[in-house]
Amino acid sequence: MSTSSAAITPGTTIVPKRRFGGDEVAYLVTLVFAASILLVTLLMVWQLWIHSSPAREKFGFSFLTSKLWNPVTDEFGALPFLYGTVVTSFLALLIAVPLGVGAAIYLSELARPKLSNSLTFLVELLAAVPSVIFGLLAIFTLVPLMRDYVGPGVQKVLGFLPVFSGHIYGVGYLTAGMILAIMTFPFIISVSREALMAVPREQREAALALGATQWESTFQVVLPFARLGIMGSVFLALARALGETMAVTMVIGNDPTIHASLFAPGYTIAAVIANEFTEATGNTYLSALVELGLVLFALTMVINGVAQLLIVLTTKKGSAKA
Amino acid sequence: MTSRNVRRNAVNNFMLGLCAVCAFLTVSTLFVILGYLLYNGATSVDLNFFTKLPLPPGQNGGGMANAILGSAQIVVVATLIGLPIGFFAGIYLAEYGGRTFAFLVRYVADLLNGIPSIVIGIVAWTVVVVPQHHFSALAGSLALSLMLIPITARNTEQFLLEVPRSMREGSLALGAKKWRTIASVIVPAARKGIMTGMILGVARISGETAPLLFTSLNNQYFSTGLSEPTASLPVMIFQRAISPFDDYHRQAWAAGLVLLALVLLANIAARMVISRGASLPR
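Residues numbered from 1 in each chain as written. Chains lettered and ligands numbered in written order. Predicted model: local features only at pLDDT ≥ 70, side-chain atom pairs only at ≥ 80, totals over all residues.

## Quick word on the overall build of chain B
Looking only at helices and strands, one finds 11 helices and 0 strands in chain B. If you list the helices and strands of chain B from N to C, you get α-α-α-α-α-α-α-α-α-α-α. Against the globule reference of 19 Å for 282 residues, chain B gives a C-alpha radius of gyration of 24 Å, more extended than a compact globule. With respect to the three principal axes, the spread of C-alpha positions in chain B is 70 × 70 × 35 Å. Residues classed as buried in chain B amount to 51% of the 282 residues present. Within chain B, contacts between residues at least 6 apart in sequence are counted, and of these 74% link residues at least 24 apart. (Helix = DSSP H or I, 4+ residues; strand = E, 2+ residues; numbered from the N terminus. Rg over C-alpha atoms; globule rule 2.2 N^0.38 Å. Buried ≥ 20, exposed ≤ 12 C-beta atoms within 10 Å, placed from the backbone. Contact = placed C-beta atoms within 7 Å.)

## Remarks on the environment of A55(A)
All names here are of chain A. Relative to the assigned elements, A55 resides in helix α3 (residues 53–59). Classification of A55 by C-beta neighbours within 10 Å gives buried; the count is 24. It is 10.0 Å that separates the C-alpha atoms of A55 and G77, two residues lying 22 residues apart in sequence. Apart from residues lying up to four places away in sequence, A55 is in contact with F63, F76, T284, S287, A288 and E291.

## Quick word on the nonpolar core
In summary, soluble globular proteins display a tendency toward joint burial of nonpolar side chains. Counting residues in hydrophobic clusters, the biggest one holds 191 residues, and the most contacted among them are A138(A), I179(A), I188(A), V251(A), I273(A), L292(A) and I237(B). In terms of residue count, helix α8 (residues 173–197) of chain A provides more of this core than any other element does, 16 residues in total. Excluding residues that lie within four positions of it along the chain, I188(A) makes contacts with A96(A), V97(A), G100(A), V101(A), S233(A), V234(A) and A237(A). (Core = buried A, V, L, I, M, F, W, Y, C linked by C-beta atoms within 7 Å.)

## Some details on the domain arrangement of chain A
For chain A, the domain assignment lists domain 1 (3–51) and domain 2 (62–321). Domain 1 of chain A and domain 2 of chain A are separated by 42 Å when their C-alpha centres are compared. (Domains from an automatic or database assignment.)

## A word on the confidence of the model for chain A
As a note on interpretation, predicted positions should not be read in detail where pLDDT is low. Residues at a pLDDT of 70 or more form 91% of chain A, whose mean pLDDT is 88. Predicted confidence is poor over residues 1–6 of chain A, with pLDDT under 50, and the contacts of this stretch with residues over four places away or in other chains come to 2 contacts. (pLDDT = per-residue confidence, 0-100.)

## Examining the environment of L146(B)
Along the chain, L146(B) falls in helix α6 (residues 137–161). With 53 residues separating them in the primary sequence, L146(B) and I199(B) have C-alpha atoms 16 Å apart. With residues up to four places along the chain from it excluded, the contact list for L146(B) reads V40(A), I120(B) and A124(B).

## What to know about the interface of chain B and chain A
The interface is formed by 73 residues belonging to chain B together with 68 residues belonging to chain A. When residues of the side of chain B that touches chain A are assigned to their parent elements, the largest contribution, 18 residues, is made by helix α1 (residues 2–41) of chain B. For the side of chain B that touches chain A, the class distribution of residues is 54 nonpolar, 11 polar and 8 charged. (Nonpolar A, V, L, I, M, F, W, Y, C, P; charged D, E, K, R; others polar.)

## Quick word on the confidence of the model for chain B
All names here are of chain B. Of the residues in chain B, 96% have a pLDDT of 70 or more, and the chain-wide mean is 90. Every residue in residues 277–282 scores below 50 in pLDDT, and together they form 7 contacts with partners more than four places removed in sequence or on other chains. With a pTM of 0.90, the predicted complex shows an ipTM of 0.91.

## Examining the packing of helix α6 (residues 113–128) of chain A against α1(B)
Packing of α6(A) against α1(B) leaves a shortest axis separation of 9 Å and a crossing angle of 50 degrees. Taken together, the axes of α6(A) and α1(B) lie oblique to each other. Every pair of crossing elements has a handedness; the one defined by α6(A) and α1(B) is left-handed. Contacts between α6(A) and α1(B) involve L119(A), L122(A), V123(A), L125(A) and L126(A) on the former and, on the latter, A23(B), T26(B), V27(B), T29(B) and L30(B). (Axes fitted to C-alpha atoms, helices over the stretch in contact; angles between N-to-C directions. Parallel < 35°, antiparallel > 145°, perpendicular 65-115°, else oblique. Left-handed = near helix turned anticlockwise from the far one by under 90°.)

Written out as structure tokens, the structure is:
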């Protein structure tokens, strides 16, 4: 291993360059690989930017506000997809946040360590299930369930609201939101649990000593203390939900129009790319799809950035006070 | 006063109970998924599934031998590209990283990790498929390796940082150079954690569908090289599941069961290794 240093003969009089030892090589090699992460990310932005240029030049900012998506006349607008993406992700969070935070409270505050660890293990396994499997299950179980039972049931009670009106197809915004909820709560649970467990023990003890019940201590002391971490987990889940492709593609219904009803079929950015990319003909069509990818990229970048920041802030705060 | 305490107690019990319900509800979905896949897919996972080629719609039978092989091919190449890059980048972050540049790389790696897989598919398409004018397994592998790099880098970094400082100092005090210390003391000490992270990363990319949809596409037959469109298990599940044929649905369930079993087994094995034999107290 030390042959490289032995290669320099001791008798040489002039040493014009510094000896290039193992440390410099190792530093340079790892630096190159680390820098490649930055380069790859820049390359991704650059490729998306270039390949979306025909659509960007043709439509400008109206791309984001136009409701029209017509490949035949070469007119493309992203609004129905933006709407679908935002609505399904919002529905997912609406279901997943209370469930996930509740489960995280149970795992960090109530369950015995052994039970908590094995349940957390199962939650992590759930996070590892490939999204196409969720889609497969959703097509054959959730869709009929929504169409035949849940949908009509909800409509009977709340049908006067526009969001629950109209024909129930089984596929649509609500079904996609539900499958997204199941796919995102593992992330909420594991990150929130960490945040809750980072809360110093003294905080709980002080609250309990003042006569608070365990719920009051949890809700009024522990949760506020860990709120940044929990918010971080929610943003992380939001970024996952916005970019989730396969499961949503299989149950969203593929209809590029905006519907008020949550039972109606819709479309999301990721789903339209997955469905139409290989079939797209013509430069404008393809570049419009790439531009959708660019929009999705920017959206998740921003949300992820916020999530990382929040998580960093809580861990710093937690360790400073512990 | 007492009635107020009764109410507080009731609220306490109710809300804590609700949290427990949340926990068991969420965890039970894993068993629902497993049970449903077993119920629908177990009977279709037979020898034919592993050895036969897919048949055209309308004909019953056939298997997914080409998709299994294709998936393996794509994932192996992705692993060969992604793991070394991620591993060395992780060493840089943990051992050599200065303040600003390492922070930047770390932040960007986390962002890269959060980019939707479908967008990574588009990028691989622009880089490989567009210049070559045809779909290929290589493009799929490239897309998957882009997902693997940040996962591996951050995992490696994390486990290297857990190696106690005294081990570094001991090695340096014996006169070993820094690179020597890293190669023969620090990395071996963190070996188990790093391996676990790598297995989890590979398991994660094996189940990815979206980046393969328009990079490696699909193939009715065995592919003969990296530059050909190649069938893969996740894409096959997707296309079979949205098709209108019953026999295709049956095969989608079987393929789903096989894929899930592989991914979960890899996860369980990796986590067992770390929980049992981890050489470091965590």
